[in-house]
Amino acid sequence: MLSSLRTAILYLTRLKKENLVPTKRLPDVLIIGVKKCGTRALLEFLRLHPDVRAAGSEVHFFDKFYHKGFEWYRQKMPPTMEGQITMEKTPSYWVTRSAPRRVYAMNPRVRLLAVVRDPVTRAISDYTQSASKRARLPRFEQLALVNWSGGWGGGWGGWGGWPAVDPSWPPLRLGVYARAFRRWLRRFPRSRILLVSGERLVADPAAEMAAVQDFLGLKRVITDKHFYFNSTKGFPCLLKSEGQPTPHCLGKTKGRNHPYIDPVVIERLREYYRPYNERFYELSGINFGWP
């Protein structure tokens, strides 16, 4: 009996030394944002890869629970084998001022993924999510603009005939990507941050995921054979995934129909974002081609 137990212990010790036993590690990769740009889709698509293991839910370590320490954070991670990537997603890291410094303290060589999309569409999606939870939420136009009165020429509180944008409204403020991106670039070189196009993640997920896999040093396992386009949802769904061999889409909260927004308001927001988008293109070295 003792001999068998000793043999088992020696065997497990050898496996551990050879990194063949799954262990919990701090993440090698973080999806740091941006909210309502496709971070959940990116995470679920990456879960298709056999060499990726991700935390099951948003941990919020670098924004809410940093005081609990790195050991607490490590315990929130999934067990991984040698050669596999440990990953975590919390979109609010993107705008948390202290997050770049804290992430750098954990690992200056961590790889960062951020999904971005047209900030006007992102703001509408953000509002739509809030409206689904609050029945009496004012109209998008009332929150996005100052003194919106229900139509063009009906008492705009702006200048030069244009309505005034409320830059303090969080769904609009979050779309000024250059502001947060600059903070991350103060800590991390551009080569450690991959910006994923939310639009391309929908239009051609296989191509966008090829770029993500290359950035992470992974074999291109995730290909077009994994996806099909769901016309009802309006975005790609999965033909197969780990643990689910049948076709399935993301949760029912994904792919909500956006409310009708006054075209004049949309145009005003495009004008508002244009200089910020140009600044972001310069910082990132990528022209995303947003209207």
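A few points on the structure. (Residues numbered from 1 in each chain as written. Predicted model: local features only at pLDDT ≥ 70, side-chain atom pairs only at ≥ 80, totals over all residues. Heavy atoms only, no water.)

**A few points about the overall build of the chain**
No. 1: When you go through the chain residue by residue, the secondary structure sums to 11 helices and 11 strands.
No. 2: The buried share of the chain, taken over its 291 residues, is 45%.
No. 3: Excluding contacts between residues fewer than 6 apart, the proportion of contacts in the chain whose partners are at least 24 apart in sequence is 70%. (Helix = DSSP H or I, 4+ residues; strand = E, 2+ residues; numbered from the N terminus. Buried < 20%, exposed > 50% of the residue type's maximum accessible area, 1.4 Å probe, protein only. Contact = heavy atoms within 4.5 Å.)

**Considering the packing of helix α2 (residues 39-46) against helix α10 (residues 205-215)**
Two packed helices can be described by the angle between their axes and the distance between those axes.
No. 1: Closest axis-to-axis distance for the α2/α10 pair is 11 Å, and the angle between their directions is 75°. On the basis of their axis angle, the class for α2 and α10 is roughly perpendicular. Every residue of α10 that contacts α2 at L42, F45 and L46 is listed here: P205, M209 and V212.
No. 2: Across the contact of α2 with α10, the residue classes break down as six nonpolar, no polar and no charged. (Axes fitted to C-alpha atoms, helices over the stretch in contact; angles between N-to-C directions. Parallel < 35°, antiparallel > 145°, perpendicular 65-115°, else oblique. Nonpolar A, V, L, I, M, F, W, Y, C, P; charged D, E, K, R; others polar.)

**Here we look at unusual backbone geometry**
No. 1: With an omega of 5°, the peptide bond running from G33 to V34 counts as cis.
No. 2: Within the fold, V34 resides in the loop between β2 (29-33) and α2.
No. 3: The backbone of K36 sits at a positive phi, close to 60°, despite the residue not being glycine.
No. 4: Looking at the element boundaries, K36 is found in the loop between β2 and α2.
No. 5: Residue K36 is classed as buried on the basis of its relative accessible area of 15%.
No. 6: Although it is not a glycine, H60 adopts a positive phi angle of roughly 60°.

**A few points about helix α8 (residues 177-187)**
No. 1: Within the sequence span of α8, burial applies to Y177, A178, A180, F181, R183 and W184.
No. 2: Where the residues of α8 are buried, they touch β2, α4 (99-106), β6 (111-116), α5 (119-133), β9 (193-197) and α11 (263-284).

**Notes on the packing of α8 against α11**
No. 1: For the pair α8 and α11, interaxial distance at closest approach is 8 Å and the crossing angle is 25°. Relative to α11, the element α8 is oriented roughly parallel. The two elements α8 and α11 meet at a crossing, and its hand is left-handed. Across from Y177, A178, F181, R182 and L185 in α8, the residues of α11 making contact are Y276, R279, F280, L283 and S284.
No. 2: Per-class residue counts for the contact of α8 with α11 are seven nonpolar, one polar and two charged. (Left-handed = near helix turned anticlockwise from the far one by under 90°.)

**Remarks on the side chain of H49**
No. 1: Along the chain, H49 turns up in the loop between α2 and β3 (52-54).
No. 2: What makes H49 buried here is its relative accessible area of 0%.
No. 3: For H49, the side chain forms a polar contact with the main-chain nitrogen of D51, separated by 3.1 Å.
No. 4: A polar side-chain atom of H49 sits 2.7 Å from the main-chain carbonyl oxygen of K219.
No. 5: Leaving out residues up to four positions away in the same chain, H49 has contacts with Q213, L218, K219, V221 and I222. (Polar contact = N/O pair within 3.5 Å; in protein donor to acceptor, adjacent residues only side chain to side chain.)

**Looking at the state of the cysteines**
No. 1: Counted according to the given criterion, the structure contains one disulfide.
No. 2: A disulfide bridge connects C237 with C249, and the sulfur atoms are separated by 1.9 Å. Across the S-S bond of C237 and C249 the torsion is about 100°, and the bridge reads as right-handed. With C237 in strand β11 (residues 235-238) and C249 in the loop between β11 and α11, the pair connects residues that are 12 residues apart, well separated along the chain. (Disulfide = S-S within 2.5 Å.)

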